[in-house]
Every structure is written in structure tokens, then in C-alpha cells.
Amino acid sequence: DGKRPETDEERKIVEKIDSIPGAIKSEVEFKYPKDDRVYTGRVDLVAETDEKLTIIDLKTSDKFENAQREQLELYREAFEQITDKEVDAKLLQL
């Protein structure tokens, strides 16, 4: 919405996101068929360059559990299959 960050915490988040190379899209939905299932989801941020995608899952907690890492791995796998590009997947703690 063009709103500028007001707090130091907001500025740090913006700096982290701005440091990611590529054109960034937010709330990117996907469908991924795998093992007789169709997984659907929404990725918080996807940054795309000519060579690769970077998927960023934003988390408010600094405790990343196995389920969150497994979810991120599924996102990475899905976007590799969907786009035929190299995909880097990251958890970003806010």
C-alpha cells in the first residue's frame, strides 16, 4: 500500500525482504499433485529471478518446528515442479 515502516522492527523486516534478489510477489497460491493427492497452499513471498525462485515463509515465532520445515520443503518441491526452476526456500522470522 506504499506505507512506510514506522518502527525499528518494521524497518528491519523491510530491510530483510528488500535484501532478497528478484521481483517479489506476495500470497502466491499453488496446486501441486503428488502421491495421489493435490496439495494446495499459499506462500507468503516468492522472489523470482531469471535463474531461480526464492520462497519465503514468514513466521512470528523464532521456534521453527519440524512441521514448518516439512511444509517449506513441500513448497520448494512444488515450485520446482511447477516452474522448472531452481528453488531456494527460507523461513524468515519477523
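What this report covers is the structure whose coordinates are included nearby. (Residues numbered from 1 in each chain as written. Predicted model: local features only at pLDDT ≥ 70, side-chain atom pairs only at ≥ 80, totals over all residues. Heavy atoms only, no water.)

Turning to the packing of aromatic side chains, a few remarks are in order. Evaluated as defined, the whole model comprises two aromatic pairs. Ring plane angle 80 degrees and centroid distance 5.4 Å describe the contact between phenylalanine 30 and tyrosine 75, whose orientation is recorded as edge-to-face. With phenylalanine 30 in strand β1 (residues 23-34) and tyrosine 75 in helix α2 (residues 66-83), this residue pair connects regions lying 45 residues apart in the sequence. Since its relative accessible area comes to 7%, phenylalanine 30 is described here as buried. With a relative accessible area of 6%, tyrosine 75 lands in the buried category. Joined through ring pairs, the aromatic side chains of Phe30, Tyr75 and Phe79 make up one cluster. (Phe/Tyr/Trp six-rings, centres within 6.5 Å; stacked < 30°, edge-to-face > 60°. Helix = DSSP H or I, 4+ residues; strand = E, 2+ residues; numbered from the N terminus. Buried < 20%, exposed > 50% of the residue type's maximum accessible area, 1.4 Å probe, protein only.)

The four strands lie next to each other as β1-β2-β3-β4, forming an open sheet whose pairing is mixed. Strand pairing shows two members of the sheet lacking a second neighbour, β1 and β4 (86-93), which therefore form its edges. Shown here is a sheet whose adjacent strand axes are inclined to one another by a mean of 40 degrees, direction ignored. Pairing of strand β3 (residues 52-59) with β4, which is carried by eight bridges, proceeds in the parallel orientation. Residue pairing in the sheet places leucine 53 in a bridge with valine 87 of β4. (Pairing = 2+ DSSP bridges. Axes fitted to C-alpha atoms, helices over the stretch in contact; angles between N-to-C directions.)

Time to look at the pattern of salt bridges. With the rule as written, the count across this model stands at nine salt bridges. A salt bridge links glutamate 73 to arginine 76; the shortest N-O distance between them is 2.4 Å. Taken together, the positions of glutamate 73 and arginine 76, both in helix α2 and three residues apart, correspond to about one turn of that helix. Looking at glutamate 73, the relative accessible area reads 36%, which means it is partly exposed. Residues joined by salt bridges that share partners form a network here, namely Glu27, Glu29 and Arg42. (Salt bridge = Lys/Arg side-chain N within 4 Å of Asp/Glu carboxyl O.)

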